[in-house]
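In case you want the letters, here they are:
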Amino acid sequence: PKSRARMAASSSSESPFCIVVEAEIEPDRMGEFLAMIQANAEGSRKEPECLRFDVIRSQDAQNKFFFYEIYKNPDSINHHKAQSHYKAWIDFKESGGVIKSVTHKGDGEFMT
């Protein structure tokens, strides 16, 4: 994925579109969450314009996670949001599985 991000940044005038999601999960829903987010990450990585999708667990709390996502451009997120693996995340949030979720959006600057 690193080389794909570098290629996207150098072969286009647009910077890659980056998202960092901070999510705190209900402790009693962790098993369900882990299965869902693994499927979401694996499905996202197969999308043609998804350059990276990482799931990171916080060292501070076992139920806090960061999703690090890179897409070819801002329009790529529309395709991502139309996928069933993304809908599973939305359904999980709407069902009360998430205590708190904050999304940060940015443009790739120094990507390797």
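We now turn to the structure provided with this report. (Residues numbered from 1 in each chain as written. Predicted model: local features only at pLDDT ≥ 70, side-chain atom pairs only at ≥ 80, totals over all residues. Heavy atoms only, no water.)

Quick word on the overall build of the protein chain
The following threshold applies: The secondary structure listing takes helices from DSSP runs of H or I that are at least 4 residues long and strands from runs of E that are at least 2 residues long, numbered from the N terminus. Only protein chains enter the accessibility calculation, which uses a 1.4 Å probe; a residue is then buried when its area is under 20% of its type maximum, exposed when over 50%, and partly exposed in between. We call two residues contacting when some pair of their heavy atoms lies within 4.5 Å.
Counting its secondary structure elements, the protein chain contains four helices and four strands. The helix and strand sequence of the protein chain, counted from the amino end, reads α-β-α-β-β-α-α-β. With 112 residues in all, the protein chain has 38% of them scored as buried. Of all intrachain contacts in the protein chain linking residues separated by at least 6 positions in sequence, the fraction that spans at least 24 positions is 73%.

A closer look at the environment of Glu-24
Along the chain, the position of Glu-24 falls in strand β1 (residues 17-25). It is 4.4 Å that separates the C-alpha atoms of Glu-24 and Lys-64, two residues lying 40 residues apart in sequence. Setting aside residues up to four positions removed in sequence, Glu-24 forms contacts with Asn-63, Lys-64, Val-98, Ile-99 and Lys-100.

Brief notes about the nonpolar core
The nonpolar side chains of a soluble globular protein tend to be buried with one another. Note the threshold: To qualify as a nonpolar core, a set must consist of buried Ala, Val, Leu, Ile, Met, Phe, Trp, Tyr and Cys residues joined through side-chain atoms within 4.5 Å.
Ranked by size, the top nonpolar core spans 20 residues in total, and within it Ile-25, Phe-33, Phe-67, Tyr-71, Trp-89 and Phe-92 carry the most contacts. Of all the secondary-structure elements, those providing two or more residues to this core are β1, α2 (30-45), β2 (50-57), β3 (64-71) and α4 (84-94). What Phe-92 contacts, discounting residues up to four positions off in sequence, is Ile-25, Arg-29, Glu-32, Phe-33, Met-36, Gly-97 and Val-98.

Quick word on the packing of α2 against α4
Packed helices, taken two at a time, are described by their axes: the angle between them and the distance between them. Just so we agree on the cut-off: Geometry is summarised by axes, namely lines fitted to C-alpha atoms with helices restricted to the contacting stretch, and by angles between N-to-C directions that run from 0 to 180 degrees. These descriptions rest on fixed angle ranges, namely under 35 degrees for roughly parallel, over 145 for roughly antiparallel, 65 to 115 for roughly perpendicular, and the rest for oblique. The crossing is said to be left-handed when, going from far helix to near helix, the turn is anticlockwise and less than a right angle, and right-handed when the turn is clockwise. Three classes are used: nonpolar for Ala, Val, Leu, Ile, Met, Phe, Trp, Tyr, Cys and Pro, charged for Asp, Glu, Lys and Arg, and polar for all others, with Gly counted as polar.
In contact at an axis separation of 8 Å, α2 and α4 are set at 150° when each is read in the N-to-C sense. Of the possible angle classes, the one that applies to α2 and α4 is roughly antiparallel. For the pair α2 and α4, the crossing hand works out as left-handed. Seen from α2, the contacting residues are Glu-32, Phe-33, Met-36, Ala-39, Asn-40, Gly-43 and Ser-44; seen from α4, they are His-85, Tyr-86, Ala-88, Trp-89 and Phe-92. In terms of residue class, the contact of α2 with α4 is made up of seven nonpolar, four polar and one charged.

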